[in-house]
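Overview (structure and organization)
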Amino acid sequence: MPFRAEVRDWLAENLPVALCNRPTRIDPPELKPWHRKLYERGWIAPHWPKEHGGMGATLTQQIILFEEISRVGAPTPYPHGLNFIGPLIIDAGTPAQKARHLPPILTGDATWCQGYSESGAGSDLASLTTRAVLDGDAFVVNGHKMWTTNGHFADWMFALVRTDPAAQPKHAGITMLLIDLKSPGVTVKPIQTIRGDAEFAEELLVDVRVPRREHAGRAQRRLAGGEQAPRLRALHHRPSAQRRRAAQQGAPGGGADRRDARAGLSAAARRTRDRPPGILGLLPRHAASLQGHGKAPTSMAPVIKIVGGELGQRASELLVEAGGGYGAFADDLTVGNHVVNPAGEMFEMRRVTVGSGAVEIQRNIIAKRVLGLPS
């Protein structure tokens, strides 16, 4: 049986309908049973090597799996363990770190978050101030992390910390630690977003002792070098299936202005669809092809980030316009067989061009590292 048909049949039999096309985010605890089903089927980590518990899938199989899950509006497991720290531990972690952390990432027993941003260091991570001082067999960490996705649900955080405040350039004094968020001295507080949910959290770290064995300096250097970027990000900076379906159908209302908005939505849907692929379908395929031949440029991840974020924002604005008098309310609307929240989607998409590195930073990366333009 072709792999796409196999995935489609399995989803039809095993995907809980209650999880499909949800207008709001699904918190990690509710998502864990679905994560477990994918794990038991062997599809939770298609990009991981088989020797580490993954599927060892080809890049084409990875794209097919993502497309089919997206097509039916199913949620994808949160990426911080599976797509961010997991591959880094596989590539650069110690044998003990692999044995300790990879199995619970696969099963879903451990939820991870990313501790990068701070109040004064977002896209400019070289300015971070969270300190880690080696004291015997442990690092003592003090600082404040913010805008941590699912931090209030996480068991572990992979965090960037400053070990040498005098280092030049500044990023040379930064390393990565794997922090157990149940450690004494850790306080986690959720942050309410513009959409009204609590997707993010902040973490106060006061004299937190992190065992030296949880130092992941080699993984941090691999990450800083951009070696993981195309593989980790290529398939994630794009509007959700629910947004694409809403764009295809538009929202209730009439009048010339809303007809123009619906025309814009239709064009946006063509650009974001999976099959036949639009712009955001072709970009990951191109990235996968280059990655498979070891030729993925540094610019690939920033380009997908910029195109996906800005296109998603425009689609969300058009959805509000198409909704007419309904569009300005952050309330659920039924459009065809789908529940959409036009204003809520617009609020959600405001974050996309800021999180994981603002698009302005991404353009600077392309300008300096790819085009060689002066600062």
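Conventions and cut-offs
Residues numbered from 1 in each chain as written. Predicted model: local features only at pLDDT ≥ 70, side-chain atom pairs only at ≥ 80, totals over all residues. Heavy atoms only, no water. Helix = DSSP H or I, 4+ residues; strand = E, 2+ residues; numbered from the N terminus. Core = buried A, V, L, I, M, F, W, Y, C linked by side-chain atoms within 4.5 Å. Buried < 20%, exposed > 50% of the residue type's maximum accessible area, 1.4 Å probe, protein only. Contact = heavy atoms within 4.5 Å. Axes fitted to C-alpha atoms, helices over the stretch in contact; angles between N-to-C directions. Parallel < 35°, antiparallel > 145°, perpendicular 65-115°, else oblique. Nonpolar A, V, L, I, M, F, W, Y, C, P; charged D, E, K, R; others polar. Expected span 1.5 Å × (residues − 1). Bend = angle between axes of the 7 residues up to and from the residue. Patch = residues over 30% accessible without salt bridge, like charges linked within 9 Å, V, L, I, M, F, W, Y side chains within 5 Å. Areas by Shrake-Rupley, 256 points an atom, 1.4 Å probe, with all protein chains shown as cover. Salt bridge = Lys/Arg side-chain N within 4 Å of Asp/Glu carboxyl O. Arc of directions from axis to C-beta. Pairing = 2+ DSSP bridges.

With an omega of -5°, the peptide bond running from glutamine 168 to proline 169 counts as cis. Following the sequence through the fold, proline 169 ends up in the loop between strand E4 (156–162) and strand E5 (174–180). Backbone geometry places tryptophan 147, a non-glycine residue, at a positive phi of 55°. Tracing the backbone through its elements, the reader meets tryptophan 147 in strand E3 (residues 138–149).

To continue, consider the nonpolar core. If you look at the biggest cluster of nonpolar residues, it comprises 41 residues, and the most contacted ones within it are Trp34, Ile85 and Leu178. Going through the elements one at a time, helix H1 (3–14), helix H2 (28–41), helix H3 (59–71), helix H4 (79–92), helix H5 (95–107), E4 and E5 are the ones with two or more residues in this core. Excluding its chain neighbours within four sequence positions, the residues that come into contact with tryptophan 34 are Trp10, Leu11, Asn14, Leu15, Pro16, Leu19, Ala74 and Pro75. With 15 residues, the next largest nonpolar core counts Phe139, Val141, Ala159 and Leu181 among its residues.

On to the packing of H2 against H5. The geometry of a pair of packed helices is captured by two quantities: the angle between their axes and the separation between those axes. Relative to each other, H2 and H5 sit at 110°, their axes nearing to 8 Å. Overall, the two elements H2 and H5 adopt an arrangement that is roughly perpendicular. Taken together, the residues of H5 that come into contact with H2 (itself represented by His35, Arg36 and Tyr39) are Ile105, Leu106 and Thr107. Residue classes in the contact of H2 with H5 are distributed as three nonpolar, two polar and one charged.

Counted at 1.5 Å a residue, the expected span for H4 with its 14 residues is 20 Å, and the 18 Å between its end C-alpha atoms agrees. Taking the largest bend as the criterion, H4 deviates by roughly 40°, centred on isoleucine 85, and proline proline 87 comes between one and four positions later. Most of H4 is tucked away, with 13 of its 14 residues classed as buried.

A contiguous nonpolar surface patch, about 270 Å² in accessible area, is contributed by Val370, Leu371 and Leu373. Note that leucine 371 resides in the segment after helix H13 (359–370).

In this section: the pattern of salt bridges. Within the structure shown, the criterion is met by 15 salt bridges. A salt bridge links arginine 209 to aspartate 135; its shortest N-O distance comes to 3.0 Å. Of the two residues, arginine 209 sits in strand E7 (residues 200–211) while aspartate 135 sits in strand E2 (residues 131–135), which places them 74 residues apart along the sequence. Look at arginine 209 and you get partly exposed, because its relative accessible area is 41%. When its relative accessible area of 41% is taken as the criterion, aspartate 135 is described as partly exposed. One salt bridge in this structure joins glutamate 317 and arginine 350, with 3.0 Å as the shortest N-O distance. One end of the pair, glutamate 317, is in helix H11 (residues 300–322); the other, arginine 350, is in helix H12 (residues 342–350), and 33 residues separate them in sequence. For glutamate 317, a relative accessible area of 26% puts it in the partly exposed group. A network of salt bridges, in which partner residues are shared, links Arg4, Arg8, Glu67, Glu68 and Arg71.

Over its 12 residues, H1 runs 16 Å from end to end, which matches the ideal 16 Å to within 8%, given 1.5 Å per residue. For H1, every residue scored as buried is listed here: Phe3, Arg4, Val7, Trp10 and Leu11. Buried residues along H1 cover an arc of 135° about the axis, so they all sit on one side. Exposed residues on H1 whose side chains face more than 90 degrees from its buried face are Ala12 and Glu13.

The next subject is the environment of valine 307. Among the secondary structure elements, valine 307 is positioned in helix H11. Given the relative accessible area of 28%, valine 307 is considered partly exposed. Spatially, the C-alpha atom of valine 307 lies 9.6 Å from that of threonine 353, the residues being 46 residues apart in sequence.

To continue, consider the pairing of E3. Sheet topology places E2 next to E3; five bridges connect them, and they run antiparallel. Bridge pairing in E3 links valine 133 to valine 140. Connecting the antiparallel pair E2 and E3 is a turn made up of two residues, with glycine 136 showing a positive phi of about 70°.

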